[in-house]
Amino acid sequence: MLLAIGRWRLFGFDTMERVGAVSYDSATALIVVDVQNDFADPKGSLYVNSGEEVVPVINAEIEAAKADGGHIFYTADWHPESTPHFQTDGGIWPVHCVGDTWGAEFHPDLVVDGPVIRKGTNGEDGYSGFTMQNPETMETIPTRLAELLRDRRIERIVVVGLATDYCVKATALDGKTAGFNVALMTDAVRSVDLTPGDGQRALADVEAAGVVLV
Ligand code: VGL
Ligand code: ZN
């Protein structure tokens, strides 16, 4: 296990450290990545093993963030019916999170209370909550997330959700690139594991990039 308990000081919480846990304040945001039915419900088309287990863990973080004046943002995978992201159009994924369908809805038990950033509404592709790619030109297009965070003077982000090896990883890495301090809660993520070990490798990759594992 890649649990890094007690390393929170690295993340810039010198005065409010809680060992192995996150403290929130007005400069800190929880980023809840893609906790949607297609990933988090066993009936979902791209069900992430044990995906539903993150919901109560994330709800507890949402309550902690709210209690301490932190911010909460949500991302949602939001695809058109046809996209190069899907196997049906040459991609690698089963059809999932098609906009305005049950699969794209947040898990019914997730507490949703904050801005939602939908990725791919204009047919863009990509995993990160911060950036998307135009599938034809491969041009990188920012989402609204970095701007919304900077508008609120947020310096630190805590990334949780689905899936560790795709959207969680990409969001954490892009958060670092955008200049935020980034933490990832390892008990609040689950992985697709197309190849066994992908989730663990993703955690090692983000840690190597300076993301603090909590
Ligand atoms: C994701 C695969 C395809 C994710 C999205 O949210 O991690 N994974 N689309
Ligand atoms: Zn997707």
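Residues numbered from 1 in each chain as written. Chains lettered and ligands numbered in written order. Predicted model: local features only at pLDDT ≥ 70, side-chain atom pairs only at ≥ 80, totals over all residues. Heavy atoms only, no water.

Asks: Help me out: how do you make sense of the site of ligand 1 in this one?
Replies: Close to ligand 1 lie D34, F39, L46, D77, H85, W93, H96, Y127, L162, A163, Y166 and C167, which account for all nearby residues. Between ligand 1 and the protein, one listed contact pairs an oxygen atom with a backbone N or O atom of A163 at 3.0 Å. In isolation ligand 1 offers 260 Å² of accessible surface; the protein chains occlude 100% of this area. Of the residues belonging to the shell around ligand 1, the class tally is eight nonpolar, two polar and two charged. (Near = heavy atom within 4 Å. Polar contact = N/O pair within 3.5 Å; in protein donor to acceptor, adjacent residues only side chain to side chain. Areas by Shrake-Rupley, 256 points an atom, 1.4 Å probe, with all protein chains shown as cover. Nonpolar A, V, L, I, M, F, W, Y, C, P; charged D, E, K, R; others polar.)

Asks: How do you make sense of the coordination of the zinc ion (ligand 2) when you look at a structure like this?
Replies: Every protein donor of the zinc ion (ligand 2) is listed here as D77 (OD), H79 (NE2), H85 (NE2) and H96 (NE2), and their distances to the metal cover 2.0 to 2.2 Å. Coordination of the zinc ion (ligand 2) draws on donor residues from a single chain, spaced D-x1-H-x5-H-x10-H in sequence. Given a relative accessible area of 3%, H79 falls into the buried group. Look at H85 and you get buried, because its relative accessible area is 4%. (Donors = N, O, S within 2.8 Å, 3.2 Å for Na, K, Ca; no water. Buried < 20%, exposed > 50% of the residue type's maximum accessible area, 1.4 Å probe, protein only.)

Asks: I would appreciate a short explanation of the nonpolar core in the present structure.
Replies: Proteins that are soluble and globular tend to have nonpolar side chains buried together. Ranked by internal contacts, the top residues of the largest apolar core, which has 33 residues, are V32, I58, I62 and L110. Looking at this core, the elements with two or more residues in it are β1 (28-33), α1 (37-40), α2 (54-67), β2 (71-77), β6 (156-162) and β7 (181-190). Ranked by the residues each element gives to this core, the list is headed by α2, at five residues. With near-sequence residues (within four places) excluded, I58 lies in contact with L30, V32, V35, L110, V160, G161 and A188. Listed in part, the 24 residues of the second largest apolar core include I31, L149, V159 and F180. (Core = buried A, V, L, I, M, F, W, Y, C linked by side-chain atoms within 4.5 Å. Helix = DSSP H or I, 4+ residues; strand = E, 2+ residues; numbered from the N terminus. Contact = heavy atoms within 4.5 Å.)

Asks: What is the right way to look at the sheet that holds β2 in this model?
Replies: Sheet strands pair via backbone hydrogen bonds, and the direction of the pair is either parallel or antiparallel. Strand order in this open sheet of six strands is β3-β2-β1-β6-β7-β8, and the pairing throughout is parallel. On the outer flanks of this sheet lie β3 (116-119) and β8 (212-213), each paired with one strand and no other. As paired elements, β6 and β7 share six bridges and run parallel to each other. The residue of β7 that forms the bridge with I157 is V182. Strands β1, β3, β6 and β7 of the sheet are contacted by helix α4 (residues 164-177), whose axis makes an angle of about 170° with β6. (Pairing = 2+ DSSP bridges. Axes fitted to C-alpha atoms, helices over the stretch in contact; angles between N-to-C directions.)

Asks: How do you make sense of the side chain of D198 when you look at a structure like this?
Replies: Looking at the secondary structure, you find D198 in helix α5 (residues 198-208). Setting aside its immediate chain neighbours within four residues, D198 contacts D165, Y166 and D193.

Asks: Looking at this model, I keep getting lost on the environment of L173. Mind explaining?
Replies: With respect to the element layout, L173 can be found in helix α4. Separated by 45 residues in sequence, L173 and S128 have C-alpha atoms that sit 8.5 Å apart. Beyond its immediate sequence surroundings of up to four residues, L173 is in contact with D205, V206 and A209.

Asks: How should I be thinking about unusual backbone geometry in this particular structure?
Replies: Glycine aside, the phi torsion of most residues is negative, and most peptide linkages are trans. Of note, the bond from L162 into A163 is cis; its omega dihedral lies within 30 degrees of zero at -10°. Summarising the element assignment, A163 is placed in the loop between β6 and α4. The residue M138 is not glycine, and still its phi comes out positive at about 60°. Mapping M138 onto the fold places it in the loop between β4 (131-133) and β5 (140-142).

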